[in-house]
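# Structural description and commentary
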Amino acid sequence: MSEVSLVVNGRRVSGVVEDRTLLVHFLREHLGLTGTHVGCDTSQCGACVVHVDGKAVKSCTMLAAQASGSTVVTIEGLADGADLHPVQAAFRENHALQCGFCTPGMIMASVDIINRHPDGLDEATVREELEGNICRCTGYHNIVKAVLAASKAMNKSKAKGKSASRAKQAA
Amino acid sequence: MYSVNYHRASSVADAAKLIKKGDAKFLSGGMTLIPAMKTRLAAPSDLVDLNHIAELKGIKVSGKTVTIGAATTHYEVATDEKLKKVCPAIAELAGLIGDVAVRYRGTIGGSIANNDPAADYPAALMALDATVVTNKRQIPAEKFFKGLFETALKDDEIVTAVTFTAPPKAAYQKFPNPASRYAITGVFVTKGKDGVRVAVTGAGDNGVFRSKEIEAALAKKFDAAALDGVKVPSANMMTDMHASADYRANLVLVMAKRAVTAANAGA
Ligand SMILES: Cc1cc2nc3c(=O)[nH]c(=O)nc-3n(C[C@H](O)[C@H](O)[C@H](O)COP(=O)(O)OP(=O)(O)OC[C@H]3O[C@@H](n4cnc5c(N)ncnc54)[C@H](O)[C@@H]3O)c2cc1C
Ligand code: FES
Ligand code: FES
């Protein structure tokens, strides 16, 4: 057994788990955070993607014990109260989900992609970067549209934030 | 997954001690070992996590000499600015491994210790004439890779780093399996002061190998046209559900041509 302790969606959590417990099972079964899904047993589908120390990783391919000491963000941790995260909002607006099974992983991977491309994204880059996320409803077209829209929205609000802080400095 | 005991090693010496427990295995990125444990293809009694050992991490570039710590992730290799300046080919190769989530966790040490016949790094190490550094000795790449999932490593031996001299010209071209992203065939070509080296992954039925035919043709002229009419024998190529031996033999030539063109255009 291992004592694991980590910060999940801003909350410090700990527990004693079997060493073989996967991070995804710790999140779902011990913490009740069932937004993170398991879609395969070959580490290929990406339904289980969460952020560990800021990076989008497959929580089905990591032990909870390996993650001990880390900061984890799951799909439940993205929204700001009742306000959806811009990527969640863009998925809704662009009809980027059908059954919704792949959606949590898609969104967590997309947030990571947008973070790594502060200068914006094009369609080819989004498609290539989403290689590790499979949608069994095959709704890729609208998913890609949503990521592009979210990237624009997030860059715009960042630019606004910057010019606002510049204006403040100037004042 | 069967029950297992997890240990987090704090140093190479600590890991060397911990590995003596039962039927223990090292755990690096876990991108190969954990899927294998989930399907019960691997069932170690203990896992020794190498991920928190500072001395195994990072990329050093000094002149043309490159040293990559064993626990350095594929993502770090793909995005390291110093490395991209002296040897863009290996950074590009790392960026072709699996998907981003795999690259964030998977490591160069884990990849070469595993020596999957379709993995990318073995081709790079063979073509770059790299040296594998362990906690016990230094092993030239050519002696390190020993066939399908076989290496020169002893059970309790830890890969600590990979080191090589960046050649003036190098490039990697890969024909990925569209589902798994592993190489159906990948060819790494280098041209340095000691000549031309061409290493092939994904195709051989005994793992990574150097193509003597292609090396001989390119030694005369380092140009894709020099490979027109060269025959790559299919006798020792792999046949599986993805491609036949003949198909792979042809792919080796096609990928080699693309790699030479890229190497000439690049550095
Ligand atoms: C979806 C998916 C796609 C992938 N696609 C590709 C691809 O396109 N190309 C490719 O090359 N690979 C691919 N991989 C494999 C990936 O590159 C792995 O990261 C790599 O093979 C193993 O590295 P690791 O750090 O994850 O090792 P682990 O899984 O932790 O370990 C692998 C083996 O190496 C041993 N080991 C680990 N570190 C050391 C060390 N320092 N010293 C001695 N022994 C050690 C372990 O005991 C174990 O036996 C893919 C994997 C996945 C899940
Ligand atoms: S459940 Fe993790 S990759 Fe499919
Ligand atoms: S929306 Fe159904 S799997 Fe993607």
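The structure reproduced in this document is the subject of the present report. Keep in mind it's a predicted model, so treat the numbers as computed, not measured. (Residues numbered from 1 in each chain as written. Chains lettered and ligands numbered in written order. Predicted model: local features only at pLDDT ≥ 70, side-chain atom pairs only at ≥ 80, totals over all residues. Heavy atoms only, no water.)

### Notes on the packing of aromatic side chains
Residues and elements named next belong to chain B. As a reminder of what qualifies: The pairing test for Phe, Tyr and Trp rings, Trp by its six-membered ring, is centres within 6.5 Å, and the orientation test on the planes gives stacked under 30 degrees, edge-to-face over 60, and tilted for anything in between. In this description a helix means any DSSP run of H or I spanning at least four residues, a strand means any run of E spanning at least two, and both kinds are numbered starting from the N terminus.
For the coordinates displayed, the defined rule picks out three aromatic pairs over all chains. Note on Tyr75 and Tyr104: the rings are 4.7 Å apart at their centroids and 50 degrees apart in plane angle, and the pair reads as tilted. Note that Tyr75 is positioned in helix α3 (residues 74–79) and Tyr104 in helix α6 (residues 100–105), a separation of 29 residues in sequence. Taking 5.1 Å as the distance between ring centres and 90 degrees as the angle between the ring planes, the aromatic pair formed by Phe144 and Phe145 counts as edge-to-face.

### Describing the site of ligand 1
Just so we agree on the cut-off: Each residue is tested against the molecule or strand, and it is near if at least one of its non-hydrogen atoms lies within 4 Å. Nitrogen and oxygen atoms within 3.5 Å of one another constitute a polar contact, given that in protein one can donate a hydrogen and the other can accept it, and given that sequence-neighbouring residues count only through two side-chain atoms. Per-residue and other accessible areas were derived by the Shrake-Rupley procedure at a 1.4 Å probe size, with only the shown protein chains allowed to occlude residues. Asp, Glu, Lys and Arg are counted as charged, while Ala, Val, Leu, Ile, Met, Phe, Trp, Tyr, Cys and Pro are counted as nonpolar; the rest, among them Gly, fall into the polar class.
For ligand 1, the set of nearby residues contains 32 residues, the closest of which are Phe26, Ser28, Leu33, Thr107 and Arg181 of chain B. Around ligand 1, the neighbouring residues derive from chains A and B rather than from a single chain. Gly29 of chain B places a main-chain nitrogen or oxygen 2.8 Å from an oxygen atom of ligand 1. Here an oxygen atom of ligand 1 sits 2.6 Å away from a polar atom, N or O, in the side chain of Thr107 of chain B. Burial of ligand 1 by the protein chains amounts to 95% of its free accessible area of 970 Å². Looking at the shell around ligand 1, the elements that each hand over two or more residues are β2 (24–27) and α7 (108–114) of chain B. Its residues placed into classes, the shell around ligand 1 shows 14 nonpolar, 13 polar and five charged.

### Description of the pattern of salt bridges
Which entries qualify depends on this criterion: Any carboxyl oxygen of Asp or Glu that lies within 4 Å of a side-chain nitrogen of Lys or Arg is treated as forming a salt bridge with it. A 1.4 Å probe rolled over the protein chains alone gives each residue an accessible area, and that area as a share of the maximum for its type sets the label: buried under 20%, exposed over 50%, partly exposed in between.
In total, this model carries 18 salt bridges over all chains according to the counting rule given. Arg116 of chain A is paired through a salt bridge with Glu129 of chain A; the nearest N and O atoms lie 2.9 Å apart. Of this pair, Arg116 of chain A sits in helix α4 (residues 103–116) while Glu129 of chain A sits in helix α5 (residues 123–129); the two residues are 13 residues apart in sequence, bridging distant segments of the chain. For Arg116 of chain A, a relative accessible area of 22% translates into the label partly exposed. For the salt bridge of Arg248 of chain B with Asp240 of chain B, the shortest nitrogen-to-oxygen distance reads 3.1 Å. The structure contains a network of salt bridges with shared partners spanning Asp129, Glu142, Arg197, Arg210 and Glu215 of chain B.

### What about empty space enclosed by the protein?
The criterion, for reference: Using only the protein atoms, space was sampled on a 1 Å grid; points where a 1.4 Å probe fits but cannot get out form cavities, open sets with protein on both sides within 12 Å along at least five of seven lines form pockets, and lining residues are those with an atom within 4 Å of a point. Grid points are joined across faces, edges and corners, and a volume is the space filled by probe spheres set on the points.
Under the criterion given, the structure shown has one cavity of 30 Å³ or more. Space inside the largest cavity adds up to approximately 100 Å³. As for the largest cavity, its lining consists of 15 residues, of which Ala109, Glu129 and Asn133 of chain A together with Val100 and Ala101 of chain B are closest to the centre. Mapped by element, the contributors of at least two residues to the lining of the largest cavity are β4 (55–58) and α4 of chain A together with α6 of chain B. Top contributing element to the lining of the largest cavity by residue count: α4 of chain A, with four residues. Grouping the constituent residues of the lining of the largest cavity by class yields eight nonpolar, two polar and five charged.

### A closer look at the interface of chain B and chain A
Stated formally: Here, two residues are considered to be in contact whenever any of their heavy atoms come within 4.5 Å of each other. Each of two parts loses accessible area, computed with a 1.4 Å probe, when they are put together; buried area is these two losses added.
Each side of the interface is counted separately: chain B has 30 residues, and chain A has 24 residues. Surface buried jointly by chain B and chain A totals about 2,200 Å² across both partners, of which 57% is contributed by carbon and sulfur atoms. When the buried surface of chain B facing chain A is broken down by residue, Tyr6, Lys38 and Tyr104 of chain B rank first, second and third, together holding 26% of it. Applying the counting rule to chain B against chain A returns two salt bridges. We note a salt bridge from Asp99 of chain B to Lys58 of chain A, for which the minimum N-O separation is 2.7 Å. Joining chain B to chain A, the criterion identifies ten residue pairs in polar contact (both at pLDDT 80 or more). For the side of chain B that touches chain A, the secondary-structure elements that each account for two or more residues are β1 (5–8), α2 (33–38), β3 (46–49) and α6 of chain B. Ranked by residue count, the leading element in the side of chain B that touches chain A is α6 of chain B, at five residues. Residue classes in the side of chain B that touches chain A are distributed as 15 nonpolar, nine polar and six charged.

### Describing the pairing of strand β10 (residues 183–192) of chain B
Residues and elements named next belong to chain B. Rules: By the convention used here, strands pair only if DSSP detects at least 2 bridges between them.
With eight of ten residues buried, β10 is to be regarded as a mostly interior element. Of the pairings in the sheet, the one linking strand β9 (residues 169–176) to β10 comprises eight bridges and is antiparallel in character. Looking across to β10, one finds that Lys169 is bridged to Lys191. The antiparallel pairing of β9 with β10 creates a hairpin that spans six residues between the two strands, and Arg181 there sits at a positive phi of about 75 degrees. Bridging between β10 and strand β11 (residues 195–201) involves seven bridges; their strand directions are antiparallel. Each bridged residue has a counterpart across the sheet, and for Thr190 the counterpart in β11 is Arg197.

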